[in-house]
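# Per-entry structural report
Each chain, written out:
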Amino acid sequence: MIYGLYLSATGIMTSSHQQDVIANNIANADTNGFKRSMSLLREREVESRAMRAMGLTHDPLDKIGGGQLLSPTYTDYSQGTVEQTSNPLDTAVTGDGFLAVHDQSGQTRLTRAGALMVDNTGRLITAQGHQVLDAEKKPINLANVPQRELSIRSNGEIMRGQQQLSKIGLFDSSDRASLKPAGENLLQIVGDAQMVKANGKLVGGALEQSNVDPALELTRLMETQRLLEANATMIKYQDATLAKAVNEVGKIG
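Residues numbered from 1 in each chain as written. Predicted model: local features only at pLDDT ≥ 70, side-chain atom pairs only at ≥ 80, totals over all residues. Heavy atoms only, no water.

Across the sheet, which stays open at both edges, the three strands sit in the order β12-β13-β14 with antiparallel pairing between neighbours. The open sheet terminates on both sides in strands that have one partner only, identified here as β12 (150-152) and β14 (163-167). Averaged over all adjacent pairs, the angle separating strand axes in this sheet is 30 degrees, with direction ignored. By the bridge criterion, three bridges tie β12 to strand β13 (residues 157-160) in an arrangement that is antiparallel. Residue pairing in the sheet places leucine 150 in a bridge with arginine 160 of β13. (Pairing = 2+ DSSP bridges. Helix = DSSP H or I, 4+ residues; strand = E, 2+ residues; numbered from the N terminus. Axes fitted to C-alpha atoms, helices over the stretch in contact; angles between N-to-C directions.)

Okay, the side chain of aspartate 134 next. Here aspartate 134 is to be found in the loop between β11 (131-132) and β12. For the buried aspartate 134, no salt bridge exists, and the shortest N-O distance to an oppositely charged side chain is 6.5 Å, to lysine 138. Setting aside residues no more than four positions away along its own chain, aspartate 134 makes contact with Ile140, Ser166, Lys167, Ile168, Gly169 and Phe171. (Buried < 20%, exposed > 50% of the residue type's maximum accessible area, 1.4 Å probe, protein only. Lys, Arg positive; Asp, Glu negative; His and termini not counted. Salt bridge = Lys/Arg side-chain N within 4 Å of Asp/Glu carboxyl O. Contact = heavy atoms within 4.5 Å.)

Membership of the largest hydrophobic core comes to 18 residues, with the highest contact counts inside it found for Leu116, Leu124, Val132, Ile140, Ile158 and Ile168. Going through the elements one at a time, β7 (98-102) and β12 are the ones with two or more residues in this core. Ignoring any residue separated from it by four or fewer positions in sequence, one finds leucine 116 in contact with Asn87, Leu89, Asp90, Thr91, Leu99, Leu124, Ile125, Thr126, Val132 and Ile168. With nine residues, the next largest nonpolar core counts Ala100, Leu110, Leu133 and Met195 among its residues. (Core = buried A, V, L, I, M, F, W, Y, C linked by side-chain atoms within 4.5 Å.)

The next subject is the packing of aromatic side chains. Note on aromatic pairs: each is described by the distance of the centres and the angle between the planes. A full pass over the atoms with the stated rule returns one aromatic pair. With a centroid separation of 5.9 Å and an interplanar angle of 85 degrees, the aromatic rings of tyrosine 77 and phenylalanine 98 are classed as edge-to-face. In this pair, tyrosine 77 is assigned in the loop between β4 (74-75) and β5 (82-84) and phenylalanine 98 in strand β7, connecting sequence segments 21 residues apart. The ring of tyrosine 77 carries the charged tip of arginine 176 above its face, separated from the ring centre by 4.7 Å. (Phe/Tyr/Trp six-rings, centres within 6.5 Å; stacked < 30°, edge-to-face > 60°. Lys NZ or Arg CZ within 6 Å of the ring centre and 35° of its normal.)

If you want it as structure tokens, here you go:
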């Protein structure tokens, strides 16, 4: 393989992936509780350095580098802005923790999307229709209670006046690296990590906004686009150089 073409090709692939991640962040800039993703890169070790034990070093190529490789995408869990709403059931999480819900398939998932409501059967659900769980990981039911009479305390207690009706659970993963997107602004725990209780607080009648900075993401998108175009241009130059070498330099006069 032509080494220069390989380096440019890896640059295009990594830049394309970065563009997808940034575009998803921008698309969710107005999604309540969304946490931005960050595409991380690392240097690929050159083959001559990796095979040094076999004596296959090549000093000129070692200095060029081995190109880029993608590292696992990192999620930025920093706090988003908390804004008050007119819905007393809206719940913003501050600090560590997530709301636990049952998705449409009945699986337990975590989310920071706290736009809550009561459906026609009395279940407390998110705007996407996922059933919210209490501190004991059981579905919350508020049947026959007018929504305007409800309020949520910082410890998750759902109150009707001075009467406690239920308590919203606040959970986290024992290993944040085990949290993976599951669609609809939900996270699933994979691997051996466990769902544990969290120490964050809840703010009733408020929503946590996305922690995406659109201006920053647009700047990163333009930078990534320029890198992709530069690598594509280098492939064109190298292709033209190879064609000239084959069709002209190699001719026998």
